[in-house]
Amino acid sequence: MNIKWADRINNLPPYLFAEIDAKKQGLVDKGVDVIDLGVGDPDIPTPQRIIDTLNKSSQNPNNHRYPSYAGMQSFREEVATWYSRRFGVKTDPLKNTIILIGSKEGVAHAPMAFINPGDIALVPDPGYPVYGIATEFAGGSPYLMPLLEENGFMPDLSSIPKDIVEKAKIMFLNYPNNPTSAFATDSFFKDAIEFAYKNNILICHDAAYTEVYFDESNKPKSFLEYDGAFDVGIEFHSLSKTFSMTGWRLGHVVGNEKAVAGLGKVKTNIDSGAFQAVQEAGIEALRNYEDGLQDRTNIYKKRSKLLSDGLKNIGIEVIEPKGTFYVWFKNPKNLKSSEFANILLEKSGIVMTPGTGFGIYGEGYTRASVTLNDEKLIEAVSRIKDLTI
Ligand SMILES: *Cc1c(COP(=O)(O)O)cnc(C)c1O
């Protein structure tokens, strides 16, 4: 039989990290000692208290049945409590929150709830590839908002053409930002809310990295802290990066009631919620969220400094990381991102992500994840130093 893929997937490039993984595997098979600073996936294990809760909760037969679509009330209440403790944001757990199977799931389904064929989603570039592709899956078109260094990697909303603004239904934002590690300013979030309100555009803020910051006096804010945010937007959050729980697939969306309900309606037709034992472990994670958090972020802070200082010492221009676990830097010798990534892989056995993997405005940059130990990072810098380009 002749199996044909739908155009929707036929025209897609392979998922960036899948492609890099294949190349990496080729080198590993040849016996190369590959240093993988590609994908951002914490190497630090999930805290034991969370694992213990899962073990216990998994024994309860009530948890073996279908969970509720929107998430357990107890989990949603804990999310509300966390938003209040961490950000001072008051929400109604039942109206403003639903559970997600990781924030990627929520981000990927959002356009299905808000985009009609022909509509536009405003998408940051460079950015998490899911925003644009999910928009296309829903029949919409992404309009790329360049994140430029001279603007602190925040989009210039006033430069978006009027006809685009009129057709735009949603705007994705992501701070602290992957891949640039930039934080948003207060004035940017305020302007974005005003812009969204004036133009009837729903803001979908991806806040996966709010807990990975290096300076206690510069804590990332939730977008929902700003006046008017609940009127115009929703915020995606996740336990993945905060608690080293990427494998557990647990996240949540908080914000505008009608928007949350819209995403919930899509989801009831696609998935059946998250394993309740995982939700109970999530409750434990959030309830004692400060436990061990600083130790984990200190590790990322130390590594980020190690890598960025190392790169700077060999003449590479690095964007100073304030948080996240990414170091975003300018390619040496003005190399194209794909060229540099290939040189790194083939000559040094180092995997880093080419800036263009996050969009056309990532050209000229490279992203390194600091999800490996100090020794590997030192070794990576030394291999790059020895490169003759
Ligand atoms: C890691 C990441 C996510 C996805 O996290 P999950 O909750 O594990 O699905 C979402 N957005 C950005 C920007 C990320 O880097």
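Computed from a predicted model, the values in this text were never measured in an experiment.

Thresholds, definitions, all that
Think of each chain on its own: its residues are numbered from 1, step by step along the sequence as written. Per-residue local features of the predicted model are confined to residues with pLDDT of at least 70, and side-chain atom pairs are confined, for both listing and counting, to 80 or more; whole-chain, interface and lining totals are unaffected and use all residues. Each side-chain value is derived from all of the structure's non-hydrogen atoms; neither hydrogens nor water enter the calculation. Only DSSP runs of H or I covering at least 4 residues are called helices, and only runs of E covering at least 2 are called strands; the numbering of each starts at the N terminus. Radius of gyration here uses only the C-alpha atoms, and the compact-globule reference equals 2.2 Å multiplied by the residue count raised to the power 0.38. Relative accessibility under 20% of the residue-type maximum defines a buried residue, over 50% an exposed one, and the middle range a partly exposed one, all with a 1.4 Å probe and only protein chains included. Working rule for contacts: check all heavy atoms of both residues, and any pair within 4.5 Å makes them a contact. Areas reported here follow the Shrake-Rupley algorithm with a probe of radius 1.4 Å; residue values treat only the protein chains shown as occluding. Just so you know, the count uses Lys and Arg for positive and Asp and Glu for negative, and it drops His and the chain ends. Here the site of a charge means NZ on Lys, CZ on Arg, CG on Asp, or CD on Glu. Nearness here has a simple test: a residue counts as near a molecule or strand if at least one of its heavy atoms is within 4 Å of that partner. What qualifies as a polar contact is a pair of N or O atoms within 3.5 Å, subject to a donor-acceptor requirement within protein and to the restriction that residues adjacent in sequence count only when both atoms come from side chains. Here the nonpolar core consists of buried residues drawn from Ala, Val, Leu, Ile, Met, Phe, Trp, Tyr and Cys, with membership extended through side-chain atoms lying within 4.5 Å. The patch calculation keeps residues exceeding 30% relative accessible area without a salt bridge and links them within 9 Å when they carry like charges or within 5 Å when they are nonpolar (Val, Leu, Ile, Met, Phe, Trp, Tyr). Within this document, salt bridges are pairs made up of a side-chain nitrogen of Lys or Arg and a carboxyl oxygen of Asp or Glu, the two lying within 4 Å of each other.

When its secondary structure is counted, the chain shows 15 helices and twelve strands. Whereas a compact globule of 389 residues would reach a radius of gyration of roughly 21 Å, the chain reaches 21 Å, a difference of no more than 12%. Each principal axis of the C-alpha atoms in the chain carries an extent, and together these give about 60 × 60 × 55 Å. A buried classification covers 55% of the 389 residues belonging to the chain. Sequence separation of 24 or more characterises 75% of the internal contacts of the chain that already satisfy a separation of 6 or more. On the chain, roughly 17600 Å² of surface is accessible, and the fraction owed to carbon and sulfur atoms is 50%. Averaging the positions of the 42 positive and the 49 negative side-chain charges in the chain gives two centres separated by 2 Å.

Moving on: the site of the ligand. In the region of the ligand, 13 residues are neighbours, and Asp-206, Tyr-209, Ser-238, Ser-240 and Lys-241 sit closest. At a separation of 2.6 Å, a nitrogen atom of the ligand approaches a polar side-chain atom of Asp-206. Tyr-209 places a polar side-chain atom, nitrogen or oxygen, 2.6 Å from an oxygen atom of the ligand. Summarising the interface, the protein chains cover 93% of the accessible area of the ligand, which totals 390 Å² for the free molecule.

What follows is about the side chain of Ser-240. In this fold, Ser-240 is placed in the loop between strand 7 (233-238) and strand 8 (251-255). Excluding anything up to four places from it in sequence, Ser-240 contacts Pro-42, Met-245, Thr-246, Arg-249 and Leu-250.

A few words on the nonpolar core. Counting 56 residues, the largest nonpolar core has Phe-75, Leu-122, Met-171 and Ile-203 as its most contacted members. Only helix 4 (73-87), strand 3 (120-125), helix 8 (162-167), strand 5 (168-174), helix 9 (186-199), helix 10 (229-232) and helix 12 (276-287) provide two or more residues apiece to this core. Top element by residues in this core is helix 9. It accounts for six residues. Non-local contacts of Ile-203, meaning those with residues more than four positions away in its chain, are made with Met-171, Leu-173, Ala-192, Ile-193, Ala-196, Phe-223, Val-232, Gly-233 and Ile-234.

What follows is about a nonpolar patch on the surface. Nonpolar side chains collect at one region of the surface, where Met-1, Ile-3, Trp-5, Ile-9 and Phe-137 lie side by side and expose about 650 Å² of accessible area between them. Examined against the element boundaries, Ile-9 turns out to sit in helix 1 (residues 7-10).

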